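Spelled out from the first residue to the last, the chains are:
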Amino acid sequence: MSWVTIIWAMIASACLTLAMVHLVIWFKQTGQRAHLLFSVTAISVAAIAACELLVMRAQTTEQFGTVTRWAHLPVFFAVVSIVGFVRLYFHAGRPWLAYTVCGLRLLTLIINFLSVPNLNYKQITGLRHLTILGGETISVAEGVPNPWTKLGDLSSLFLLIFVADASVTLWRRGNRTERRRALVVGGSITFFILVAAGNSALLHAGLIHTPYLISFPFLAIVTAMGYELSQDVLRAAQLSDDLRESEERMSLAVDAANVGIWIRDFARNEIWATDKWRELFGFTLSERLELESILQRLHPDDREAMRQALAKAGAGAGRYETEYRLTLPDGGMRWIASQGRVEFDAKGRPVLMRGASRDCTARKQAEQEMLLLRQEIAHVGRVSMMGQLASALAHEINQPLGAILHNAEAAELFMENESPDLDEIRAILADIRKDDQRAGGVIDRMRALLKRRDLETRPLGLGELVGDVASLARADAAARQVKLGVDVPGGLPLVRGDRVHLQQVLLNLILNGMDALDAVSPQDRRVSVTARLDGTQSVEIAVSDNGHGIPADKLGHVFDPFFTTKPNGLGMGLPISRTIVEAHGGRLWAENNNGGGAAFRFTLPIAEEDATG
Amino acid sequence: MSVTTPIVHIVDDDASFLAAASRLLRASGFAVKTFSSASDFSRSATPMHRVVWWLICRCPK
């Protein structure tokens with residue numbers, strides 16, 4: 001076996017092996033056209049190597065000429081595929097240069113096949129036999145150069161310019177990887193094209209006497225291209241490892257958080273969900289998921305809100321976050337906290353919606369229980385407050401009852417007259433009715449406060465609210481010789497709140513104020529309730545007294561549970577009041593008045609339909 | 001008759017109670033004068049002999 005055959009055959013087989021590997025990659029991932037172009041280059045170089053070998057073994061000038069002519073075909077494919085590879089792989093290179101290179105090379109190919117014997121020679125006059133590589137004899141041509149050869153050289157020159165230009169562009173633009181790519185691929189293509197073109201130009205000009213050595217530099221080019229592509233393959237493998245690791249972490253986190261994931265594909269109209277999600281929503285593992293069948297699982301009261309949240313997210317909001325109830329097939333109920341994001345295509349149409357759903361029934365139940373407990377405590381507070389007011393309220397009811405009794409007795413006496421004064425009797429009946437209503441009013445207000453009830457917020461007029469409380473407290477105030485002043489301007493906007501709970505707060509603050517007045521002489525005891533606008537979004541209500549005030553060191557503790565300064569106080573009134581005010585979205589705080597005494601102030605949000613902002 | 005008709009004076013801060021009590025006493029044949037506060041009563045220069053007191057304690061001034 002000769003060395004020449006071994007070397008050229010090895011070049012060809014190396015190129016073919018690389019071509020096969022990358023053809024397979026391209027075949028598996030059709031998007032990877034760089035791999036296809038690389039394979040074309042590699043196969044072309046293998047063919048060039050085969051032609052070179054045949055030329056060296058040529059016995060006649062005709063054989064030499066024919067094989068050289070056919071060698072232009074793989075050269076054409078090699079050049080065109082290198083141009084395509086650079087464009088595709090670098091995302092750089094001027095298109096007009098690319099077209100010029102390919103056009104010139106095509107023209108060269110056509111002229112080559114029209115010329116006899118080929119593009120490079122007008123005439124091959126003879127074969128010269130050279131001895132290389134330890135005594136092997138090979139053939140090289142002697143003849144008249146064909147001027148059209150320059151066309152092929154021009155094409156190679158443009159190829160050089162095109163690749164060099166594309167490499168510079170990539171280098172300037174690129175990060176570290178792209179710069180390496182520019183250097184390795186661009187640099188080696190430039191250098192080895194120069195070598196290959198130089199070799200053949202000198203050869204055709206008859207200045208050197210060597211065999212064609214184009215396949216050697218082309219092999220180097222193929223190696224550089226293959227090296228870069230293999231980096232991509234390695235990177236893909238690394239990415240797939242990273243992805244697997246990331247998926248592992250994700251699934252660990254998802255399992256730990258008890259989250260179910262669902263993905264809606266808008267184009268294919270398909271919904272995919274994790275097993276956990278199916279378990280949450282009560283679907284079997286094989287059941288086909290439809291948006292409508294999922295929505296049917298939602299509690300009827302929550303369905304429309306969810307539908308709208310999804311529609312809004314898909315229409316451009318891009319995300320949703322909501323809580324809803326599920327009615328499970330077994331009749332049970334489950335609270336779900338759900339959030340999701342939407343992916344849009346370039347035209348802004350939704351492509352994918354990914355959602356995560358979590359069972360939050362326990363939290364919802366705890367919240368519900370907390371709310372009930374809070375209402376229970378507030379109720380206890382009201383009952384205890386009514387206890388304090390009981391004797392004053394009894395007096396408040398006794399007054400009209402006593403009047404009714406006297407009026408009835410008087411009417412009986414009037415009736416004994418032979419001609420009773422009917423006008424007087426009508427006046428008596430009107431008074432009886434009025435007093436009855438008055439007593440009924442006191443009882444109604446008391447009962448409203450004593451009733452155990454849920455929180456109901458609605459727009460409330462402050463004048464009426466404060467007025468009701470003042471009439472409940474007035475009897476007690478009178479008994480304790482306290483002047484209870486109310487100043488609520490008529491033009492204040494409505495506030496949003498629960499009537500009974502807010503009355504409780506006001507009553508608590510008024511009673512506290514009156515408690516602070518024991519040391520003040522009876523003619524000076526004053527508690528006043530005032531209200532004013534606080535900014536554009538809320539109203540501030542103040543209950544102030546002219547008592548002993550709050551010692552500075554206790555000002556920070558008056559809202560602590562069980563903190564009290566009264567001998568028989570429980571210390572729950574103010575903490576309950578603060579909880580109520582905060583549940584309304586307001587604040588409650590205490591301060592000392594400049595002129596003595598304390599003031600408790602709280603804010604309430606203005607009812608939305610009445611907000612001036 | 002030599003004995004003058006007794007006049008009953010009623011003091012109470014609750015107007016409707018005052019009206020009802022005075023009505024009942026008038027129906028029973030008494031002459032009645034009403035006052036809504038103790039200070040009104042003390043200003044009225046009522047002779048203080050032969051007075052029957054009917055007091056409601058802790059009635060504010």
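Once a new chain begins, its residue numbering starts again from 1 and follows that chain's sequence as written. Chains and ligands are labelled sequentially in the order written, the chains with letters from A and the ligands with numbers from 1. Local features in a predicted model are, by the rule used here, given only for residues with pLDDT of at least 70; side-chain atom pairs are given and counted only at 80 or more, and totals for whole chains, interfaces and linings are based on all residues. Side-chain metrics rest on all non-hydrogen atoms present in the structure, leaving aside hydrogens and water.

With that settled, the discussion passes to the pairing of strand S14 (residues 598–605) of chain A. Residues and elements named next belong to chain A. Within S14, seven of the eight residues are buried, which leaves the element mostly enclosed by the surrounding structure. Strand pairing requires that DSSP identify at least two bridges connecting the strands. We count a stretch as a helix when DSSP gives it H or I for four or more residues in a row; a strand needs E for two or more, and each element gets its number in order from the N terminus. Note that strand S12 (residues 538–545) and S14 share seven bridges and pair antiparallel. Looking at S14, one finds that valine 539 is bridged to leucine 604. In terms of strand pairing, strand S13 (residues 588–592) meets S14 through five bridges, oriented antiparallel. Counted as the bridge partner of asparagine 592 is alanine 598 from S14. Between S13 and the antiparallel strand that follows it, S14, lie five residues; glycine 596 among them carries a positive phi value of about 95 degrees. The cut-offs for exposure are 20% and 50% of the maximum accessible area for each residue type, with area from a 1.4 Å probe on protein chains only; residues under the lower value are buried, those over the upper are exposed, and the others partly exposed.

This brings us to the pattern of salt bridges. Residue and element names in this part refer to chain A. Criterion for a salt bridge: a side-chain nitrogen of Lys or Arg within 4 Å of a carboxyl oxygen of Asp or Glu. Taken as a whole and assessed by the stated rule, the structure comprises 33 salt bridges over all chains. When the shortest N-O distance is used, the salt bridge between glutamate 367 and arginine 363 registers 3.0 Å. Here the residue glutamate 367 and the residue arginine 363 both occupy positions in helix H11 (residues 361–415), the gap between them amounting to four residues, near one helical turn. Relative accessible area serves as the criterion here: at 38%, glutamate 367 is assigned to the partly exposed category. Between arginine 447 and aspartate 444 there is a salt bridge, with its nearest N and O atoms 3.7 Å apart. Here arginine 447 and its partner aspartate 444 are both found in helix H12 (residues 422–450), three residues apart, which amounts to about one turn of the helix. Overall, the relative accessible area of 54% leaves arginine 447 in the exposed class. On the accessibility criterion, aspartate 444 (46% relative accessible area) is partly exposed.

Another point: the packing of helix H3 (residues 61–90) of chain A against helix H7 (residues 215–256) of chain A. All names here are of chain A. To get an axis, a line is fitted to the C-alpha atoms, and for a helix only the part in contact is used. The angle between two axes follows their N-to-C directions and goes from 0 to 180 degrees. Packing of H3 against H7 brings their axes to within 13 Å, and their N-to-C directions diverge by 30 degrees. The angle between the axes of H3 and H7 places the two elements in the roughly parallel class. Considering only the axes of H3 and H7, their crossing is left-handed. Packed against H3, whose contacting residues are Ala78, Ile82, Phe85 and Tyr89, the element H7 presents Phe218, Ile221, Met225, Glu228, Leu229 and Asp232 at the interface. Oblique is the label for any angle not under 35 degrees, not over 145, and not in the 65 to 115 range, which are roughly parallel, roughly antiparallel and roughly perpendicular in turn. We call a crossing left-handed when the near helix sits turned anticlockwise from the far one by less than a right angle, and right-handed when that turn is clockwise. Contact between two residues is taken to exist if any of their heavy atoms lie within 4.5 Å; hydrogens are not considered.

Many descriptions give the size of an interface as the accessible area lost when the pieces come together. On the side of chain B, 16 residues touch chain A, which itself brings 19 residues to the contact. Throughout, the accessible surface (probe 1.4 Å) given up by two parts as they are put together, summed over both, is called the buried area. Across the interface of chain A and chain B, roughly 1,400 Å² is buried in total on both sides, 55% from carbon and sulfur atoms. Along the contact surface separating chain A from chain B lie three salt bridges. For Asp14(B), the salt bridge is made with Arg438(A), and the minimal N-O distance between the two is 2.4 Å. Polar contact criterion, stated in full: a pair of N or O atoms within 3.5 Å, where within protein one must be able to donate a hydrogen and the other to accept it, and residues adjacent in sequence count only if both atoms are side-chain atoms. On inspection of chain A and its partner chain B, the count reaches six residue pairs in polar contact (both at pLDDT 80 or more). Every element with two or more residues in the side of chain A that touches chain B is listed here: H11, H12 and helix H13 (462–479) of chain A. The leading source of residues in the side of chain A that touches chain B is H11(A), at nine residues. Three categories are distinguished: nonpolar for Ala, Val, Leu, Ile, Met, Phe, Trp, Tyr, Cys and Pro, charged for Asp, Glu, Lys and Arg, and polar for the others, with Gly belonging to the last. Residues belonging to the side of chain A that touches chain B are distributed by class as follows: eight nonpolar, five polar and six charged.

Time to look at the environment of Thr34(B). Residue and element names in this part refer to chain B. Turning to its location among the elements, threonine 34 is positioned in strand S2 (residues 31–35). Between the alpha carbons of threonine 34 and histidine 9 there is a distance of 5.7 Å; along the sequence they are 25 residues apart. Residues in contact with threonine 34, not counting those within four places in the same chain, are Ile10, Leu18 and Ser22.

Attention shifts here to the nonpolar core. All names here are of chain A. Counting 60 residues, the largest nonpolar core has Phe64, Phe85, Val86, Phe90, Phe162, Ile189 and Phe218 as its most contacted members. Here the element with the most residues in this core is H3; it accounts for 12 residues. Residues contacting phenylalanine 85, with those up to four places away along its chain left out, are Ala34, Leu37, Phe38, Phe90, Val185, Met225 and Leu229. In this description, a nonpolar core means a group of buried Ala, Val, Leu, Ile, Met, Phe, Trp, Tyr and Cys residues linked to one another through side-chain atoms lying within 4.5 Å.

Residue and element names in this part refer to chain A. A sheet is described by the order of its strands in space; here five strands give the open sequence S4-S3-S7-S6-S5, paired in antiparallel fashion. Looking along the sheet, the strands with just one partner apiece sit at the ends: strand S4 (270–273) and strand S5 (319–327). On average, adjacent strands in this sheet sit at an angle of 25 degrees to one another, irrespective of strand direction. The sheet contact formed by strand S3 (residues 259–265) and S4 spans four bridges and is antiparallel.

Residues and elements named next belong to chain B. Here chain B averages 75 in pLDDT, and 64% of its residues register 70 or above. pLDDT: the predictor's confidence for each residue, scored from 0 to 100. Looking across chain B, the model is least confident in helix H2 (residues 38–43), with a mean pLDDT of 80, and most confident in helix H1 (residues 15–27), with 88. The complex prediction reports pTM at 0.49, with the ipTM value standing at 0.81.

This part is about the packing of aromatic side chains. Given two aromatic rings, one states the distance between the centres and the angle between the planes to describe the pair. Residues and elements named next belong to chain A. Here is the rule: rings of Phe, Tyr and Trp (six-membered ring for Trp) pair when centre to centre is within 6.5 Å. Planes less than 30 degrees apart are stacked, more than 60 are edge-to-face, and the remainder are tilted. Tallied over the entire structure, the rule returns 12 aromatic pairs over all chains. Seen in terms of ring centroids, phenylalanine 64 and tyrosine 212 are 6.5 Å apart; in terms of plane orientation they differ by 35 degrees. Their pairing is tilted. You can see phenylalanine 64 sitting in helix H3 and its partner tyrosine 212 sitting in the loop between helix H6 (176–204) and H7, a full 148 residues away along the chain. Across the pair, exposure class does not vary: phenylalanine 64 and tyrosine 212 are buried alike. Ring centres 5.4 Å apart and planes at 70 degrees place the aromatic pair phenylalanine 76 and phenylalanine 77 in the edge-to-face group. On the accessibility criterion, phenylalanine 76 (13% relative accessible area) is buried. A residue is classified by how much of its surface remains accessible, and phenylalanine 77, at 41% relative accessible area, is partly exposed. We call a charge positioned above a ring when the Lys NZ or Arg CZ atom is no farther than 6 Å from the ring centre and deviates by at most 35 degrees from the ring normal. Sitting over the ring of tryptophan 171, arginine 179 keeps its end group 4.7 Å from the ring centre. Positioned above the aromatic ring of tryptophan 335, the side-chain terminus of lysine 364 is 4.4 Å from the ring centre.

Moving on, we get to the side chain of Asn512(A). Relative to the helices and strands, Asn512(A) is located in helix H14 (residues 499–515). Contacts of Asn512(A), omitting those with residues within four sequence positions, involve Lys566(A) and Leu574(A).

With that settled, consider helix H1 (residues 3–28) of chain A. An ideal rise of 1.5 Å per residue puts 38 Å on 26 residues; H1(A) measures up with 38 Å between its terminal C-alpha atoms. Where H1(A) is concerned, the buried positions are Val4(A), Trp8(A), Ile11(A), Ala12(A), Cys15(A), Ala19(A), His22(A) and Ile25(A). One less than the number of residues in a helix, times 1.5 Å, gives the span that helix is expected to have.

Bringing the sheet that holds S14(A) into the picture now. Residue and element names in this part refer to chain A. Spatial ordering of the open sheet is given by S9-S11-S12-S14-S13, a layout of five strands whose pairing is mixed. Each edge of the open sheet carries a strand with a single partner, namely strand S9 (483–487) and S13. On average, each strand axis in the sheet is tilted by 20 degrees relative to the strand beside it, whichever way the strands run. The sheet strands contacting helix H15 (residues 573–583) are S13 and S14, and the helix crosses S13 at an angle near 130 degrees.

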